[in-house]
Structures are given as C-alpha cells and as structure tokens.
Amino acid sequence: MDKKIKVLIAKPGLDGHDRGAKVIARGLKEAGMEVVYTGLRQTPEQIVRSAVQEDVDVIGLSILSGAHTHLFPEIMKRLKEAGRDDIPVIAGGIIPEDDHQELRELGIKAVFEPGTPISKIVEFIEDEV
Amino acid sequence: MTKSVDRLYAEIKKGNENSIARAISMVEDGTKNALELMKKVYNNVDSAYMVGISGPPGSGKSTLTQRIVQLWREKDLKIGIIAIDPTSHFSGGALLGDRIRMNEIATDKGVFIRSMATRGSLGGLNSSIYDTVLIFSLAGFDYIIIETVGVGQNEIDIVKLADTTIFVTVPEAGDEIQAYKAGLMEVGDIFVVNKADRPKSHQMVLTIEQLVSFKEGKDVWQPPVLSTNALKNEGIADINEWINKHHEYLKEKNLMQANRKNVIRTQMINLMEKDLHEKFIKPILNDEKFEEFIESVYRKDKDPYTAVKKLLSFD
Amino acid sequence: MSDKDLEKLEQEWKENKFDKTVNRFGQRKEEFKSDSGRTIKPLYTPLDTEDIDYEEKVNYPGQYPFTRGVYPTMYRSKLWTMRQYAGFGNAKETNERFRYLLEQGQTGLSVAFDLPTQIGYDSNHPLARGEVGKVGVAIDTLADMEVLFDQIPLDEVSTSMTINSPASILLAMYKVVAEKQGVSSEKLAGTIQNDILKEYIARGTYIYPPEPSLRIITDIFDYCSKEMPRWNTISISGYHIREAGSNAVQELAFTIADGIEYVQAAVDIGMDVDDFAPRLSFFFNAQMDLFEEIAKFRAARRLWAEIMEERFNAKKDKSKMLRFHTQTAGSALTAQQPMNNIMRVTLQALSAVLGGTQSLHTNSYDEALGLPTEDSVKIALRTQQILAHETGAADTIDPMAGSHYVEKMTDELVEEAREYIEKIDDLGGMAKAIESGYVQREIQESAYQTQKKIENKEKVVVGVNEFTEEESKKAENLLKVDPEVEKQQIEGLSKVKEKRNDKQVKQTLKSVREAAQSDKNLMYPIVEAVKAYATIGEISDVLREEFGEYEGQYI
C-alpha cells in the first residue's frame, strides 16, 4: 500500500507572481506529498480538468491580483458540475479578509494569509484528507 | 467480482473521466478493489499503441508532445498521456510539473493527461504505468504517450516500455551526448533534434546519425534522426510519419507480439520484485534484529554476507 | 601607520579585548551571514580595504567607474525623483490619483496598468474577466490614454510606465497624447520598463517568445534614438527578481546579465552601442539589509561601467553610467501588524538614498493587504520628503564611501556577481540560461531557503515569527476597486469602436503585420494604428499571429 496525498497547486487568472505557489509546492513535496503544479494563467476550466484527471486530494489556489472575486465562484461552480465538489479547496495570496466570509460560503475550506508557515498548510491538508 | 468494480469498469469503458482518474489512483495506491479491477482489465483489454518520449530538460520535449497530440487530434484520435516524474528518495514526495507546457491541449476533450510519480519503485519503472496504459486502452484511447524527463537509466527503462520510443534533444546538448552511447542508442526508435533553427543543429543530427549507425543487418530498424522546431510547428508531420512507419515495421516483422510479451515480462518481474520486497525484505528492515546485525558487522563480529544469509533464512 | 603595525594592533585587540569579551558574553548568533551566504565579520578596518584602489575602483562621482554616483553633484543639485507607482480602476480614477500625488509634492509619474493591458488583452476579452482595473489602470485605446493624462503637462512631467510586452503600444499612445497637447516627441522624458527577460524569469506578463520579443525591444531602442532622445527605452529590472526570492548577489548579477543580453542584441543587429546605451536605465530593489543594499547599488554602478567599457567598448561616458530607479521591497512587508511596515519602508528608502538612486518609490504600509489608499500613499511619500529634507542624508555625496564595511562589501559584490555572469556566459547568455531554467532554479532555491530560515527562526521577521500578537484589529479602510469598473470599461470600449474609422484601423493593422513579417521598425506602424484607435488587443493579436506565444516554463 503506497498511499500519497496528491495536491493541485494552481494559479488562476493572469497574475504572474508565483514565488509563493512554488515555495508551497516544494514544501509540500518535502512533506511527502505529490504536487501537481499547473503553471500560470489557468482558466477555471483548466484547473477543474486538471483536478479531475489527476484525482487530487486537495486543490490549492494562489492569487494576488484581486481577481479571485470572479474566478473562485467560477472554479467552484465547474467543480460541482464535474461531480468533484468533494475535493477540498484552499486558497492563498492577497485576498482581503473582507472577502473571506464569502469564499467560505462558496465552499472554500481555508484562506491562508501572507506569512503563513508551510508547516501550518501541511497540517491543514493532512487533517482535511 | 464486486458490483462496484463492475460499475467502475463499465464507466471507464464509456470514457467517464472521473472513473478513469479514480481507477488510476486506486492502482497507484494498491487497493484491493484495484487488484480486482486490474484482473478484469488484463483478462479483457488489449493495449493501445504506446509512444514513449523523453529528453533532457530544456529540449522542448513537452512542446513537441503537445504538437504531436494536436496533429493526432486533427484526425479525431483520442490520446492518453502519462507524464512521469521522479519521487524524492528523501521525502517520498514529488513535484509533477509536466502539465505546465501542455496548456493548449489541457481542455481538449479528446486528451487525458495524468501525472505520475515513480514512488520509489525499484529503478524508474512503476508497475502502475502499464496498468494505466491498459485503463486508458479500456477507455478507448487510440494512442498512449508515456513521457518523462531526462536520459538516465531510469528514464530509459520507463520509455522503452513503449512500442515506439522517441528521444528528443537540442543542438547544444554537448555532454548529454556521452549518455547517448549505451542504453539510449539501443532503445531509441526515433531521434529528434529540436530547435532546428539553432546553430549546430545540423552537426547534432550528424553526430547522432553516426552513433546509431552501428545497427547492422538488413532487417534491423534504422532509427531516423529528425529535425524539428516545435514552437513553429515544423517537422511534426515527419515524426508522425515515422511513428507510423515504425508501427508498420513492427507489424511486418511480427514484432508486436514479442514486444508486448516483453512488456508483460517486465511487468511481472516488477510485480514479483515488489512482492518479494514487501513480503521478505520490508519486514526485515523494520525488525530491530536488522539494526543489531548492522552493529555486529560494524564491530567486525560478523561479515555482511553471513549476516544476510542469516536474516533471509526462514526459521 | 604601516600595515604591519595595523595587523599587529588588530591582533592584539582581538586577543586581549575581543576574544576575552566573547568568552564572557558570547555572540548573539553562531554565525553572522548575509542572505547570500557571505560571512559578516565583527569588525572591518583599513586592512580590509587596503587593496581597493580608490582611483581605479571608487573614484569621484560622475567619473568612471561611477561607484560614488553617476553625476558630479548628485543630490546637491537635484534630489532624486519621488515617483510613486499608481494606477487602478479606469483612467479617470487614476488621473485623479496622479494629480493628487503631484499636488502633494511628487516629482514624477509612475503608471501601473492592469493585467489584461500588460498582457495585451482588451477589457472585453474572456481572460480579462475579473481582472479589469484590479492591479492597475485599464487601457484599451488611445481614448483611455487621453483621459489618463488629462490636465497633466507632458512637457513638464516625466512618466515611467511599467509595461513590458506591449510597451511599444503604450509608448506610441503616450507620444500621440503628447502631440495632441502640442508637445513634440523630442521633449518627452520618461521610461518604459520594456524588460522582457525578467518577465520570463520572475514576473510572468510575457506574450511572445524571446526572439521576437528582443526584436521589438531593439526596434524601440532604434526608434527612440531617432524620435525620442530624452526617453529611457528600458528599465532593466532586478526588483522583481529579488521579489521572486533571489538574494542580493543574484539580483545584481542577473540584472546586469539581462542588460548584457539587451546590449548584445542591439549590437548584433548593427546598432552602435553609444547610440542607445545612454538611454538604458535600471530598476533595483531596496531590501532590509541596510549596508548590503547600499553596497549593492554602488557595486551595480561600478560593474556596469566596467562591462560597458571592457565588453562593449563604449566610448561615451553616458553609455557607462548606470542610472536607476528603486522600489522598496514589497516582499519584506507583512500583513501582521501593518504599521510596522512604515518603519521598514523608511529604512529601505534610506538605503536607496545612501546608494544614490535617481528615483524612488516607497511602498505603502498596507501593501500586503491590498492597493494603497490615499492616506497610506501619502505617508509613503512623506517618508521620502522627511529623508530628503530633515536627515541630511542627501547633503553630501555618497556618504558611505570610505566605510571599511561598505567599501569592502561593494568590492565583494562586484566579484560575486562576476562569477554568476561568467556562469551565464558559459551557458550561452541570459536568454539561453533562462531557457535552460538555470536562473529560475537559482531564484527558487534562494526563495525556499529563506522560507525555511523564517520557519526555523534563523531569520526573524517581527510580528510574524517573533513579537507576534493576536490580531484583534482588522485592517481598516482598504482600497476597493469598484466592481462597476469592468462594465464601464467595456461599454467605453464599444463606444470608441463605434466612433472610429474601421477602414483606417484595418489598414494600419495591416502595416503592423507587414512590418512584423519584415525587418521594418514596428514602432512607426504601431503609432499609426494607435492614432486610428486600434485597441491594444487588436495590435497585440496581430503580433501573436506573426510571432507566436511563449508557452511557459517547466520548473
């Protein structure tokens, strides 16, 4: 038996700042997880398709451009249409606290603010899965 | 056969993406249901045509793969891609980044991309790879691409599973050419020099042609060395043509059967080694007796050969 | 005092005083090292700088190798330009912010564009949904540009535009807006960032692959040397490389290496280095290590001057002068206890001033939370004004010269950067190094190591891993972009399209395509297209069809 936690790290929208996403991806890998990193400029369609095909345990969205207000609902909608809204979704980047409530209502399990240590994210994922 | 496995089998056959993905995960995790499923799959499914592709990082191999797939999609063929990356021996985790350069085909309904880690399998070849090939075949895919990065022994072991194996490089490869001596030259069916617009591209083509020219005999397959510019979509049709030619060659010389039996041979050896490791070696590794033996050998009270004999003796 | 005497003196001090005290009280850390791994000694003395020849390696301000500053008088004549990056929503809102900042004493403009604009998409493009006006101002056509600079005299104000892949288009728009104001192009002063290599490395707003992108850049060099001689054609940037996680040495080395690649590209197509090099400019980060940053800026000037002379045989002094803009490090600011960021920015800005920057942007304290409000950007501006007028930091030139620590580090940084540049040369230059992933891997490794150091407290970040608090107060009054902006922008775009002459648009786009297919300078047809109110998306799409798109990088 060789069960591994598989995580999708995606950068939705046009935002090109990927330092955080890459650091987290590596941190999760060093914690023993398999991380599928999609690269930049992912549409909601591409993100959901990746999640479906890779059958991931968690989806992590990284965004700093403020476009989460439009993109996240799109992603959650398509996830449901694909029959995989069972996959927990977490987010990080620059997402104002004012928006957190709305995002939780959408079904996003957690929003991590800048400065969150990798260990905290690893812990959260291990608990969720 | 449980009903849930039957249902899963049927859904895969229909091409249900969630089911395909789920089945691959089960196989990777090695669940009991996975075993049941794969028994049925092996008893019923013929493998679709497999194309293996590898090359050093920076060779543009993923772009090339994407272009080949786009060509096939024009003919309405369905493609499955298994993209393999190494598991870190240190952490057991892996970074699977092959999807990054395949954005254009990522939303194509006729393409299924699955990233896979080697998961510390002995060598690079993970038994889940061929299992996945068959799952894709059950789903009705016409071509299955097995792709990885690098030209080391592990990568060669992975891509030589395929019916047609392609190695990609770039004009500036330099040192990697040394690696081309063993292994690669024997395994590669098609060689591609990408980024053909670069200086020295012609020299690279000649160099590789020389290295593969040792293959003698009139019935032996002479691997072509092709020039491409994947970004500009040049030379892709040639690759496709040569894949078809190689396929014809295999059929003509009745080699398909032998090759597929080799795949099965490799798979079975792999499964046996896995089993033996699980049943006999792993328990020893976890036994404190093992640590004691290591101490004795270190203190020169025992030699490792005697120690191992003792450890493996079934008392 | 001879060196032998000094050595003896120092040895005595070490044995009799320093070591004895260390034995009693210890040192705060096991090892004192910079982020880039350089050991920091307890003390720097004349012995450390005795081999640094003043005339050869330091000299006087305005004299090769310009270590002490590019101009003979520096801030004695004129303070650095206080240039705050601004832009959000639509052109009208941004225009208001521009005029507010100018009223408050800012001395130059710096434009932030939204992501669709930066990536050559119109506001009605499917990929633009949710992104319009968010990280900067939305510009679709010349009409938006006209509103953006309404009531701003372009012959009096210099403007820096943070735009890369579509820089040619925005430059064309700026020129045409100025013309409509009656200002001729030769008078226009400003900068376009236009640095595509760092987009591939660290920032991500690329459109086309490297080769055609370099072609566009050299077209701009050529065009400006003829039509806009006061315009800075490029801002070769290290800021983003540092923000992506590199250390100071890497920031310095990779930026200079990018510069080398651009100069080489222009030289390769037959341009004379002295025709365009004087208008190259740079853009650096001001991070938290005060002295390392000062040394870095000095090292940058010296390194560039030496390279322009040795490698490219530049004859004019102006070709060897590294002029630069600085921005305080956004990544050093925290979401926790945001007011602390005011102090951070102050110290970062100080390093830039002591390092001789030509212009400076100071971040607002709410940087980690959202776009700056009028209040927070004002504080950021006041920070510069206090530095300029109350501290005396600008009253003498290059005050840190002669500091044994800073001079030694300046010298070391030059050497360390040269090592990297040599490695990149071996890889075939920066474009090839980027393609092979070498540069990105170096940066990612530094980024990861930094994260680990923060998590194990080797690197202290006040409020984040030490001196933390339960944050009871939520950040207040954050700037919000009006969700109506996108809708309005799209409506505005439709109106412009209705009013314009379609035939003219088609014709001018055709000329752009023809220029792309040949080796004619793209700027001229782009200017015509812009005059006809062709959109950024339309022009960029023509180039997409001719040049292809860059596909992203395997990490």
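Residues numbered from 1 in each chain as written. Chains lettered and ligands numbered in written order. Predicted model: local features only at pLDDT ≥ 70, side-chain atom pairs only at ≥ 80, totals over all residues. Heavy atoms only, no water.

### Details of the overall build of chain B
Just so we agree on the cut-off: By the criteria applied, helices consist of DSSP H or I runs no shorter than four residues and strands consist of E runs no shorter than two, each listed in order from the N terminus. It is over C-alpha atoms that the radius of gyration is taken, and the globule rule equals 2.2 Å times the number of residues to the power 0.38. Buried residues are those whose accessible area, probed at 1.4 Å on protein chains only, stays under 20% of the maximum for their type, while exposed residues exceed 50% and partly exposed ones sit between those limits. Here, residues are in contact when the closest pair of their heavy atoms is within 4.5 Å. Reported accessibility uses the Shrake-Rupley method at a 1.4 Å probe radius. Residues are deemed covered only where the shown protein chains occlude them.
The number of helices and strands found in chain B is twelve helices and eight strands. For a compact globule of 315 residues, the expected C-alpha radius of gyration is about 20 Å, and chain B comes in at 22 Å, within 12% of that figure. Across its three principal axes, chain B shows a C-alpha extent of roughly 65 × 55 × 40 Å. Residues classed as buried in chain B amount to 52% of the 315 residues present. Sequence-distant contacts, at least 24 apart, represent 75% of the contacts inside chain B between residues at least 6 apart. Total accessible area computed for chain B in this model is approximately 15,200 Å², and 53% of it derives from carbon and sulfur atoms.

### Re the interface of chain A and chain C
Quick reminder of the rule: Summed over both partners, the accessible surface that disappears when two parts come together, traced with a 1.4 Å probe, is what is meant by buried area. For this document, the term salt bridge refers to a Lys or Arg side-chain nitrogen within 4 Å of an Asp or Glu carboxyl oxygen. Distance and chemistry together define a polar contact, namely a pair of N or O atoms within 3.5 Å, with one atom able to donate a hydrogen and the other to accept it when in protein, and with adjacent residues in sequence counting only for side-chain atoms on both sides.
In this complex, chain A contributes 33 residues to the contact, which on the side of chain C involves 39 residues. Buried surface at the junction of chain A and chain C, both sides included, amounts to about 2,800 Å², of which 54% is carbon and sulfur. Linking chain A with chain C are two salt bridges. Put simply, Glu 445 of chain C and Arg 26 of chain A hold a salt bridge, and the shortest N to O gap is 2.9 Å. Our count for the chain A to chain C interface comes out at twelve residue pairs in polar contact (both at pLDDT 80 or more). Of all the elements in the fold, those that place two or more residues in the side of chain A that touches chain C are α1 (19–30), α3 (68–81), α4 (97–106) and α5 (118–128) of chain A.

### Some thoughts on the sheet that holds strand β10 (residues 359–361) of chain C
All names here are of chain C. As a reminder of what qualifies: Two strands make a pair as long as DSSP finds a minimum of two bridges between them.
The five strands lie next to each other as β1-β10-β9-β8-β7, forming an open sheet whose pairing is parallel. The sheet terminates laterally at β1 (81–82) and β7 (234–237), the two strands that pair on one side only. For β1 and β10, the ladder comprises two bridges, and the chain directions are parallel. Counted as the bridge partner of Thr 81 is Ser 359 from β10.

### Some details on the interface of chain A and chain B
Contacts between the two partners involve 29 residues from chain A, matched on the other side by 31 residues from chain B. Here chain A and chain B share an interface that buries about 2,600 Å² over both sides, 43% of which is from carbon and sulfur atoms. For the pair chain A and chain B, the interface holds five salt bridges. Here Arg 119 of chain B ties to Glu 34 of chain A by a salt bridge, and the two come within 2.7 Å at their closest N and O atoms. At the boundary of chain A and chain B, one finds 25 residue pairs in polar contact (both at pLDDT 80 or more). Among the secondary structure elements, those contributing two or more residues to the side of chain A that touches chain B are α1, β2 (34–37) and α2 (44–54) of chain A. Take the side of chain A that touches chain B: its biggest share by element is seven residues, from α2 of chain A.

### Description of the pattern of salt bridges
By the definition in use, this model includes 71 salt bridges over all chains. Arg 22 of chain B is the salt-bridge partner of Asp 55 of chain A, the closest N and O atoms lying 3.3 Å from each other. Residue Asp 55 of chain A is found in the loop between α2 and β3 (58–63), and its partner Arg 22 of chain B is found in helix α2 (residues 17–29); the two belong to separate chains. A relative accessible area of 39% places Arg 22 of chain B in the partly exposed class. When the shortest N-O distance is used, the salt bridge between Arg 302 of chain C and Glu 306 of chain C registers 2.9 Å. One end of the pair is Arg 302 of chain C and the other is Glu 306 of chain C, both in helix α13 (residues 290–310) and four residues apart, which spans about a single turn. A relative accessible area of 3% places Arg 302 of chain C in the buried class.

### What about the side chain of Asn 341 of chain C?
Residues and elements named next belong to chain C. Note that Asn 341 resides in helix α14 (residues 340–354). Under the relative-accessibility criterion, Asn 341 is labelled buried at 0%. If we skip the residues at most four places from it in the chain, Asn 341 touches Leu 333, Thr 334 and Tyr 365.

### So, the sheet that holds β3 of chain A
In plain terms, the rule: For helices, the fitted line uses only the C-alpha atoms of the stretch in contact; every axis is such a line through C-alpha atoms, and the angle between N-to-C directions lies from 0 to 180 degrees.
The six strands lie next to each other as β5(A)-β4(A)-β3(A)-β1(A)-β2(A)-β3(B), forming an open sheet whose pairing is parallel. Since the sheet does not close on itself, it has two edges, and those belong to β5 (108–112) of chain A together with β3 (94–96) of chain B, each with one partner. Across the sheet, the axes of successive neighbouring strands diverge by a mean angle of 20 degrees, strand direction being ignored. Bridge analysis of β3 of chain A against strand β4 (residues 89–93) of chain A gives five bridges, and the strand direction is parallel. Counterpart to Ser 62 of chain A in the pairing with β4 of chain A is Gly 92 of chain A. Contacts between α1 of chain A and the sheet are confined to β1 (6–10), β2 and β3 of chain A together with β3 of chain B, with β2 of chain A contributing the most and set at about 155 degrees to the helix. Of the strands in this sheet, β1, β2 and β3 of chain A are in contact with α2 of chain A, which crosses β1 of chain A at around 165 degrees.

### Some remarks on the packing of aromatic side chains
Two numbers describe a pair of aromatic rings. These are the distance of the centres and the angle of the planes. Which entries qualify depends on this criterion: Here the aromatic set is Phe, Tyr and Trp, taking the six-membered ring for Trp, and pairing holds for ring centres within 6.5 Å; pairs whose planes are under 30 degrees apart are stacked, those over 60 apart are edge-to-face, and all others are tilted. Look at NZ for Lys and CZ for Arg. If either is within 6 Å of the ring centre and within 35 degrees of the ring normal, a charge sits over the ring.
One pass over the structure, following the stated rule, counts 31 aromatic pairs over all chains. Seen from their ring centres, Trp 221 of chain B and Trp 242 of chain B are 5.8 Å apart, and the 75 degrees between their planes marks the pair as edge-to-face. Here Trp 221 of chain B, found in the loop between α8 (201–212) and β8 (225–227), pairs with Trp 242 of chain B, found in helix α9 (residues 236–252); they are 21 residues apart in sequence, far enough to count as distant. Members of the aromatic cluster, each reached through a chain of ring pairs, are Phe 282, Phe 284, Phe 297, Trp 304 and Phe 324 of chain C. Between Lys 40 of chain B and the ring centre of Tyr 9 of chain B, over which it is positioned, the NZ or CZ distance is 4.3 Å.

### Overview of unusual backbone geometry
In this model, Tyr 64 of chain C is joined to Pro 65 of chain C through a cis peptide bond whose omega is 0 degrees. Along the chain, Pro 65 of chain C turns up in the loop between α3 (54–58) and β1. Of note in this structure, Asn 254 of chain B is not a glycine but carries a positive phi near 55 degrees. Of note, Asn 254 of chain B is situated in the loop between α9 and α10 (255–286). Asn 254 of chain B gets classed as exposed once you look at its relative accessible area, which sits at 62%. Backbone geometry places Tyr 533 of chain C, a non-glycine residue, at a positive phi of 65 degrees. Structurally, Tyr 533 of chain C is set in the loop between α21 (523–531) and α22 (536–547).

### Here we look at α4 of chain A
Residue and element names in this part refer to chain A. Test applied: What the arc covers is the set of directions going from the helix axis to the C-beta atoms.
All of the buried residues in α4 are Asp 99, His 100 and Leu 103. Buried residues of α4, seen end-on, are gathered within an arc of 120 degrees and therefore sit on one face of the element. For α4, exposure combined with an orientation more than 90 degrees from the buried face picks out Glu 102 and Glu 105. As for α4, its buried residues are in contact with α3 and β5. Gly 107 occupies a position one or two residues after α4 and carries a positive phi of about 115 degrees.

### Observations concerning the packing of helix α1 (residues 3–14) of chain B against helix α3 (residues 32–44) of chain B
Residues and elements named next belong to chain B. Rules: Any angle that falls under 35 degrees is termed roughly parallel, while one over 145 is termed roughly antiparallel, one within 65 to 115 roughly perpendicular, and all others oblique. Handedness of each helix crossing follows the sense of rotation of the near helix against the far helix: counterclockwise by less than a right angle gives left-handed, clockwise gives right-handed. Residue polarity is assigned by list, with Asp, Glu, Lys and Arg as charged and Ala, Val, Leu, Ile, Met, Phe, Trp, Tyr, Cys and Pro as nonpolar; anything else, Gly included, falls into the polar class.
The interhelical angle for the contact between α1 and α3, taken along N-to-C directions, is 50 degrees, at an axis separation of 10 Å. As judged from the angle between their axes, α1 and α3 are oblique. Regarding α1 and α3, the two cross each other, and that crossing is right-handed. Along the contact surface, α1 presents Ser 4, Val 5, Asp 6, Leu 8, Tyr 9 and Ile 12, while α3 presents Asn 33, Glu 36, Leu 37, Lys 40, Val 41 and Asn 44. Of the residues assigned to the contact of α1 with α3, the class counts are six nonpolar, three polar and three charged.

### A closer look at the domain arrangement of chain B
Residue and element names in this part refer to chain B. Heads up, the condition is: Here the limits of each domain have been adopted from an automatic or database domain assignment.
We note that the domain assignment places domain 1 (1–44), domain 2 (46–253) and domain 3 (270–311) within chain B. Domain 2 and domain 3 are separated by 38 Å when their C-alpha centres are compared. Counting from both sides, the interface comprises four residues of domain 2 and, opposite them, four residues of domain 3. Inspection of the region where domain 2 meets domain 3 yields zero salt bridges. Counting every contact that joins domain 2 to domain 3 gives one residue pair in polar contact (both at pLDDT 80 or more). Residue classes in the side of domain 2 that touches domain 3 are distributed as two nonpolar, two polar and no charged.

### Here's the deal with the environment of Leu 188 of chain C
Residue and element names in this part refer to chain C. If you trace the backbone, Leu 188 turns up in the loop between α7 (167–181) and β5 (190–192). Taking the C-alpha atoms as reference points, Leu 188 and Ala 286, 98 residues apart in sequence, are found 28 Å from one another. Discounting chain neighbours no more than four positions away, the residues touching Leu 188 are Leu 154, Tyr 174, Lys 175, Ala 178, Val 183, Met 228, Arg 230 and Trp 231.

### Here's the deal with the packing of α3 of chain B against helix α5 (residues 127–138) of chain B
All names here are of chain B. The N-to-C vectors of α3 and α5 enclose an angle of 65 degrees; their axes lie 10 Å apart at closest approach. One way to sum up the angle between α3 and α5 is to call them roughly perpendicular. Every pair of crossing elements has a handedness; the one defined by α3 and α5 is left-handed. Across from Met 38, Val 41 and Tyr 42 in α3, the residues of α5 making contact are Tyr 130, Asp 131, Leu 134, Ile 135 and Leu 138. Across the contact of α3 with α5, the residue classes break down as seven nonpolar, no polar and one charged.

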